[in-house]
There are 2 protein chains.
Amino acid sequence: MLHEEVVGRIRDILLDGEIPPGARIPERELCERLEISRTPLREALKVLAAEGLVQLLPHRGSRAAKLTDKDMRDLFEVCQGLEALAGELACERITDREIADIAAAHAAMVQHYREGDLIQYYRGNRAIHEGIVNAAGNPVLAGLYASVTARIRRARYVTPMTPQRWALAVSEHEAILNALQRRDGAGLSHILRAHLRHKREEVLQAGFAETESSEPTLKIA
Amino acid sequence: MLHEEVVGRIRDILLDGEIPPGARIPERELCERLEISRTPLREALKVLAAEGLVQLLPHRGSRAAKLTDKDMRDLFEVCQGLEALAGELACERITDREIADIAAAHAAMVQHYREGDLIQYYRGNRAIHEGIVNAAGNPVLAGLYASVTARIRRARYVTPMTPQRWALAVSEHEAILNALQRRDGAGLSHILRAHLRHKREEVLQAGFAETESSEPTLKIA
DNA sequence: TGGATCATTTTTGAATTCAAAAATAGAGAT
DNA sequence: ATCTCTATTTTTGAATTCAAAAATGATCCA
């Protein structure tokens, strides 16, 4: 198994929430499961720590990173900036073909919305945002975006998606597609910011708090 | 020596250009120099590879990453976006004290300009940009910014700094400080973008090309 | 003499081993 | 019984070792 694959596998395990935020990372188990020794596992953990998904505590192992409200706010803020930038660049560079693909993804997403299929809706939603970022034609940007969105998604917040919020999100997506088709960079950038701001408000308002599941609260001396 | 320190030491060695872009990373030598074994060294190299400073070639070792013109353009583009975002956020959050510090750094930088001390000028320039990014109060943003600027700086491009360019840069910095003092987020963001765009044009126009120093060009079969 | 093939050396990647640090368990004292 | 201190176990971090892959170089043939 290649180094990058090990990193990817563990990243997925973390993103799937299989190891909840704040929980210890069981080295031994992961070694057995991935059928590797501790050396490559630990290399991967250090990489994931640099990415912000894992927290290393000297001499007492590693844990799945736990995000505070502040962390979440910061991540959204950066995500917003990256998407806005991607939107502007995409409008300069996107091909008709790519626009058509995103339009198709949009239509599919709207269909999922009509059917009330939240999971599929989210999937489609993500595909559109990633499509825009990729259309920016900037791998550095795409990489940072992937890293930031991964950390956001990491926190399996369960935002109660109200019909109002959902409808708003869909209408915003209509505007996004529209700006993209018009190749209106400034407009797209503006809409994307608003879209992300709304999402962030949802998440934080919903009382995002990464509850400590495996660590007792410290008693004060 | 702590893991993070090892990463930092090697990062510095790369940023100092001690190992030129494209050159093989001498594992053995680095081990001796840092007085560590291969295990922690290799952990650090994988982290630096994830950061984009090192290129890992399966079964044939690691090299100092070499940037193409496209890479450089992409990095500048993202750097621009991050600084613009930082500028906007900084205007919302910066304290009078922080403004005063940046103003002082600006004055010092202008003095270095007058004295024609390019090295000190660059140092001051960097301090100002970092000051703005830090004033944004977003560690995630600061981290990404550090990573991107490191990669840019990594490429020891030698831009011939003409008097005209230098004067323009200084006048842009006047405008930057001004916008910051007025806490004009949109204005600051706009100026920062222009400033970075000019810098990028300089670098790329100057024919940035990471000349291959240690690898013969492949002969076409 | 030039080039191809095979043996040797070197280097890489990963498992194992080892020492130090931390966690745990147990004994003794209060 | 509970707390504390110590001995034991476990876990962590890093050096070493080992196998596989690649690079090197030597030999043989045209």
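Parameters at a glance
Residues numbered from 1 in each chain as written. Chains lettered and ligands numbered in written order. Predicted model: local features only at pLDDT ≥ 70, side-chain atom pairs only at ≥ 80, totals over all residues. Heavy atoms only, no water. Domains from an automatic or database assignment. Contact = heavy atoms within 4.5 Å. Buried area = accessible area lost by both parts, 1.4 Å probe. Polar contact = N/O pair within 3.5 Å; in protein donor to acceptor, adjacent residues only side chain to side chain. Salt bridge = Lys/Arg side-chain N within 4 Å of Asp/Glu carboxyl O. Helix = DSSP H or I, 4+ residues; strand = E, 2+ residues; numbered from the N terminus. Near = heavy atom within 4 Å. Nonpolar A, V, L, I, M, F, W, Y, C, P; charged D, E, K, R; others polar.

Okay, the domain arrangement of chain A next. Residue and element names in this part refer to chain A. Taken domain by domain, chain A comprises domain 1 (3-64) and domain 2 (69-205). Distance between the C-alpha centres of domain 1 and domain 2: 29 Å. Contacts between domain 1 and domain 2 engage 11 residues on the former and 6 residues on the latter. Summing both partners gives a buried area of about 630 Å² for domain 1 against domain 2, and 53% of it is carried by carbon and sulfur. The largest contributions to the domain 1 side of the interface with domain 2 come from Leu15, Glu51 and Leu53, which together make up 63% of the buried area. Connecting domain 1 to domain 2 are 3 residue pairs in polar contact (both at pLDDT 80 or more).

Counting from both sides, the interface comprises 27 residues of chain A and, opposite them, 27 residues of chain B. Here chain A meets chain B over a buried area of about 2400 Å², counting both sides, of which 63% is carbon and sulfur. The salt bridge involving arginine 193 of chain B is made with glutamate 88 of chain A; its shortest N-O contact spans 3.7 Å. Inspection of the region where chain A meets chain B yields 10 residue pairs in polar contact (both at pLDDT 80 or more). Listed by contribution, the elements that provide at least two residues to the side of chain A that touches chain B are helix H3 (38-51), helix H4 (69-93) and helix H7 (139-154) of chain A.

This part takes up the protein's contact with DNA strand D. The environment of DNA strand D is formed by 14 residues, the closest being Arg24, Arg38 and Arg42 of chain A together with Ser37 and Thr39 of chain B. Of everything in DNA strand D that lies within 4 Å of the protein, sugar and phosphate atoms constitute 63%. Side-chain polar atom of arginine 38 of chain A to a base nitrogen of DNA strand D: 2.9 Å apart, as the coordinates give it. In this structure, a phosphate oxygen belonging to DNA strand D sits 3.1 Å away from a main-chain N or O atom of histidine 59 of chain A. Of all the secondary structure elements, the ones that give two or more residues to the surface near DNA strand D are H3 of chain A together with helix H3 (38-51) of chain B. Each residue belonging to the surface near DNA strand D can be placed in one class, and the counts come to 5 nonpolar, 5 polar and 4 charged.

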